[in-house]
Amino acid sequence: MPPRKEKAKEAPVLDFERPVVELERKIDDLKQRTRLSGEIRREIENLETRARELQQHIFSSLTPWQKVQLARHPGRPYTLDYVSRIITDFTELHGDRRFADDAAMIGGIGFFEGIPVLCLGQQKGRTIKEKLARNVGMAKPEGYRKAMRLMDMAARFGKPIICMLDTPGAFPGIDAEERGQAEAVAKNLEIMAGLPVPIIAAVIGEGGSGGALAIGVADRILMLEYSVYSVITPEGCASILFRSDARKAEAAAAMKMTAPDLARLGIIDEIVPEAPGGAHRNFDLTARNLAAALRRHLADLLPLPPSLLKDLRYQKYRRMGAFVEAGGLAS
Amino acid sequence: MSDNPPIVWYRRNKKDEPALEKRSIPAGVFTKCPMCREALLTGEVHKNLDVCTSCGHHFAMATRDRVASIMDKGSLIEHDAHVESIDPLGFRDSKKYSDRLKSTRKTSGEVEALIAVAGRIENIAVEAGFFVFEFMGGSMGSVVGEKITRLFERALERRVPALIFASSGGARMQEGILSLMQMAKTSAAIARLREARVPILSILLHPTTGGVAASFSMLGDLHIAEPKALIGFAGPRVIQNTIHQNLPPGFQRSEFLLTHGFVDIIVPRKELKATIALALRWMGTPAVTTRN
Ligand SMILES: [Zn+2]
């Protein structure tokens, strides 16, 4: 069974996960028996098949809101969980050299399959203490400025950048506004557009609006299968447009924020498959899938000269949008 | 997490919302100033660029009036007026987005939330964009993003200054992720202007928040704000709901941003054109350099 299964069990179980989790508990109970007769072994096999089929069935028709719940699953792997599995000799670097070090944003150097890379990402916390320290992955201006400082360094040394997006949004607070949250996000968008090195952004959980995009301007944009990416949280959209927080599921569906939605809208380049039942069920397998996608895209991008890379990146964003010119010419 | 912060938002004016108080001048012979409570002659206020003749309070200004107050008479060419929103998501809240667009076009008299013009300011050629707050809170969807990007590209091509008069609640939720990506698209165009040393002037009007604040609006060579404009990343209501604290007086107003270093200068409406012209004269015409 998946090596990280014990971790998933500690985390709360979502409603739609429950039938499978209950079956699995039953299987575990049977396995605990000191003596397994042939009959019990067959029973276990049957139950395992049923659990697999049930999971496939449930996960083949998830609603957008269920995907939001998976993207926010407390047991879901976070940036550092992937970093520890796919980056060797990762060395975290701290601080924006202006004000502070923001633990909601991590950045560091390391090697992806031998290639020196800069790795950035928002980091949520798992324990209450860590959640507090990391502000549940909601970075302040110093977080975005740390990212910018490190990206600038990567550019000077010609190293590719891997960004992992996982945040409810940039932090909306008094101190963040005082220190120019809007300017910090904006500056990153401008700087990333002009960086002369390959950038790959992967949404691994919640792609929360400008706070995610601020490390998300890239040559390739990937999304994990059950991650989401949107202009505003479903709760925010519901309270403003639907006049009721309770209609968040409706808002999640209306905003088209799942990975297949973004692929259809032409925003992302690839959907990275997660472990059956979601990334939290098997960290290692999901990390291997992510590494495989990164390997392919890096191989495409590394040979490109900086000027071409920048032009292609400009054109990529230049095409984003949907409108008509009077006369009916659609774009 | 029900307290997840919406970072892009707009609101219709509501009595219980002090941050976005109604600033437009109601029709009628007299207008009561919400600041000094003086009863003013509406015609006089209008002649005074919609600024209170008694205390200097800045009322909301109709966007077409704004354009006329800044650009030299007879110098205007409007660009991309024919670029129109579609409904890429098939979005529907209490109303279909496509219907909302139709009715907003009727009430506002505008096709979209941005007017893009080429023209002159004290005889200096510029490319300028004016947000129409009257059009869905000046929200930025695909059309606004495209028009701004084209404006920046024309400014680069012609090597004339690019000006944006921002007044917006942020990204347009009805276009989902496409709206968010307009932040990246417009900022990428700014990167090219910066590289070519083409002047970028950001004029921050009441209110400028969300995705419009967190992209080109905060990337000017100069940030010029009208007095007491609300300028910020998150809306005050969102911040209050997140941190459960009272917000300090003057929070996120022009004066607050100036104190904290994000606005260069606060200029009353009547001096805005002259100040812009002075800055443009100082910056001069950018020397032609090749990109890369
Ligand atoms: Zn007054």
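Just so we're clear, the structure is a prediction, and the values are computed from it rather than from any experiment.

### Some words on the overall build of chain B
- Across its full length, chain B carries 9 helices and 11 strands.
- Of all 292 residues assigned to chain B, the portion counted as buried reaches 50%.
- Counted over contacts in chain B with a minimum sequence separation of 6, partners at least 24 positions apart contribute 68%.

### Focus on the overall build of chain A
- Scanning chain A from N- to C-terminus turns up 15 helices and 10 strands.
- The C-alpha radius of gyration computed for chain A amounts to 21 Å, which stays within 12% of the reference 20 Å derived for 331 residues, consistent with globular compactness.
- Oriented by its inertia axes, the alpha-carbon framework of chain A measures out at about 65 × 50 × 40 Å.
- The buried share of chain A, taken over its 331 residues, is 52%.

### Some remarks on the domain arrangement of chain A
All names here are of chain A.
- Per the domain assignment, the segments making up chain A are domain 1 (5-61) and domain 2 (68-318).
- Look at where the C-alpha atoms of domain 1 and domain 2 centre, and you get two points 33 Å apart.
- Contacts between the two partners involve 9 residues from domain 1 and, on the opposite side, 8 residues from domain 2.
- Of all the elements, helix α1 (residues 5-10) adds the most residues to the side of domain 1 that touches domain 2, at 3 residues.
- Of the residues belonging to the side of domain 1 that touches domain 2, the class tally is 6 nonpolar, 1 polar and 2 charged.

### Considering the environment of G173 of chain A
- By the element assignment, G173 of chain A lies in the loop between β4 (161-167) and α8 (174-178).
- Counting along the chain gives 33 residues from G173 of chain A to K140 of chain A, while the straight-line C-alpha distance between them is 8.6 Å.
- Setting aside its immediate chain neighbours within four residues, G173 of chain A contacts I239, T242 and I243 of chain B.

### A word on the environment of T233 of chain A
Residue and element names in this part refer to chain A.
- Assignment of secondary structure puts T233 in the loop between β7 (228-230) and α11 (234-241).
- What makes T233 buried here is the crowd of 29 C-beta atoms within 10 Å.
- Spatially, the C-alpha atom of T233 lies 7.6 Å from that of S209, the residues being 24 residues apart in sequence.

### Topic: the interface of chain B and chain A
- At the junction of the two partners, chain B supplies 57 residues and chain A supplies 53 residues.
- Contributing elements (two or more residues each) for the side of chain B that touches chain A: β4 (83-85), α4 (142-158), α5 (176-195), α6 (210-213) and α7 (236-243) of chain B.
- By residue number, the principal contributor to the side of chain B that touches chain A is α5 of chain B, which donates 14 residues.
- For the side of chain B that touches chain A, the per-class residue count stands at 34 nonpolar, 18 polar and 5 charged.
- Here strand β9 (residues 323-325) of chain A pairs with β4 of chain B via 3 bridges, running antiparallel. Across the sheet, residue F323 of chain A finds its bridge partner in β4 of chain B, namely S85 of chain B.

### A short note on the nonpolar core
- Formed by 162 residues in total, the largest nonpolar core has its most connected members in I161, C163, V185 and L189 of chain A.
- In terms of residue count, the dominant contributor to this core is α5 of chain B (11 residues).
- For V185 of chain A, the residues in contact, after removing those within four places along its chain, are Y144, A170, G210 and A214 of chain A together with A214 and F233 of chain B.
- Of all hydrophobic cores here, the second largest spans 6 residues; its members include L40, V51, C52 and M61 of chain B.

### Points about the pairing of strand β5 (residues 114-121) of chain B
Residues and elements named next belong to chain B.
- One ladder, built from 3 bridges, connects strand β3 (residues 77-79) with β5; its direction is antiparallel. What sits directly across from I77, in β5, is A118.
- Hairpin connection between β5 and strand β6 (residues 124-131): a loop of 2 residues separates the two successive antiparallel strands, and E122 in this loop has a positive phi of roughly 45°.

### Considerations on helix α3 (residues 97-108) of chain B
All names here are of chain B.
- Counted at 1.5 Å a residue, the expected span for α3 with its 12 residues is 16 Å, and the 16 Å between its end C-alpha atoms agrees.
- Within the span of α3, buried status applies to Y97, L101 and T104. What you see down the axis of α3 is that its buried residues fit within an arc of 70°, all on one side. Opposite the packed face of α3, turned more than 90 degrees from it, sit the exposed residues D99, K102, S103, K106 and T107.
- At the exit of α3 stands G109, carrying a positive phi of roughly 75°.

### Let's talk about the pairing of strand β5 (residues 199-208) of chain A
All names here are of chain A.
- The buried count for β5 comes to 10 of 10 residues, which makes it a mostly enclosed element.
- Where β4 lies against β5, 6 bridges are found, and the strand directions are parallel. Bridge pairing in β5 links M164 to A202.
- Bridge count between β5 and β7: 3 bridges; the pairing is parallel. Looking at β7, one finds that G207 is bridged to Y229.

### Some thoughts on the packing of helix α5 (residues 79-86) of chain A against helix α14 (residues 283-301) of chain A
Residue and element names in this part refer to chain A.
- It is the contact of α5 with α14, at a shortest axis distance of 10 Å, that shows an interaxial angle of 70°. By the criterion of interaxial angle, the relationship of α5 to α14 is roughly perpendicular. Facing D81, Y82, R85 and I86 of α5, the residues of α14 in contact are F283, D284, A287, L290 and A291.
- A per-class count over the contact of α5 with α14 returns 6 nonpolar, no polar and 3 charged.

### A closer look at the packing of helix α2 (residues 18-32) of chain A against helix α3 (residues 38-60) of chain A
Residue and element names in this part refer to chain A.
- Two elements in contact, α2 and α3, have axes separated by 9 Å at closest approach and are oriented at 165°. Compared by their axis directions, α2 and α3 come out roughly antiparallel. Along this stretch, α2 crosses α3, giving a crossing that reads as left-handed. Across from P19, V20, L23, E24, K26, I27, L30 and K31 in α2, the residues of α3 making contact are I40, E43, I44, L47, E48, R50, A51, L54, Q55 and I58.
- The residue makeup of the contact of α2 with α3, split by class, is 11 nonpolar, 1 polar and 6 charged.

### Thoughts on the confidence of the model for chain B
Residue and element names in this part refer to chain B.
- With 88% of its residues at a pLDDT of at least 70, chain B reaches an overall mean of 90.
- Every residue in residues 1-20 is under pLDDT 50, and counting partners more than four places away or in other chains gives 61 contacts.
- Two summary scores accompany this predicted model of the complex, namely pTM at 0.92 and ipTM at 0.94.

Rules and cut-offs
- Residues numbered from 1 in each chain as written.
- Chains lettered and ligands numbered in written order.
- Predicted model: local features only at pLDDT ≥ 70, side-chain atom pairs only at ≥ 80, totals over all residues.
- Helix = DSSP H or I, 4+ residues; strand = E, 2+ residues; numbered from the N terminus.
- Buried ≥ 20, exposed ≤ 12 C-beta atoms within 10 Å, placed from the backbone.
- Contact = placed C-beta atoms within 7 Å.
- Rg over C-alpha atoms; globule rule 2.2 N^0.38 Å.
- Domains from an automatic or database assignment.
- Nonpolar A, V, L, I, M, F, W, Y, C, P; charged D, E, K, R; others polar.
- Pairing = 2+ DSSP bridges.
- Core = buried A, V, L, I, M, F, W, Y, C linked by C-beta atoms within 7 Å.
- Expected span 1.5 Å × (residues − 1).
- Arc of directions from axis to C-beta.
- Axes fitted to C-alpha atoms, helices over the stretch in contact; angles between N-to-C directions.
- Parallel < 35°, antiparallel > 145°, perpendicular 65-115°, else oblique.
- Left-handed = near helix turned anticlockwise from the far one by under 90°.
- pLDDT = per-residue confidence, 0-100.

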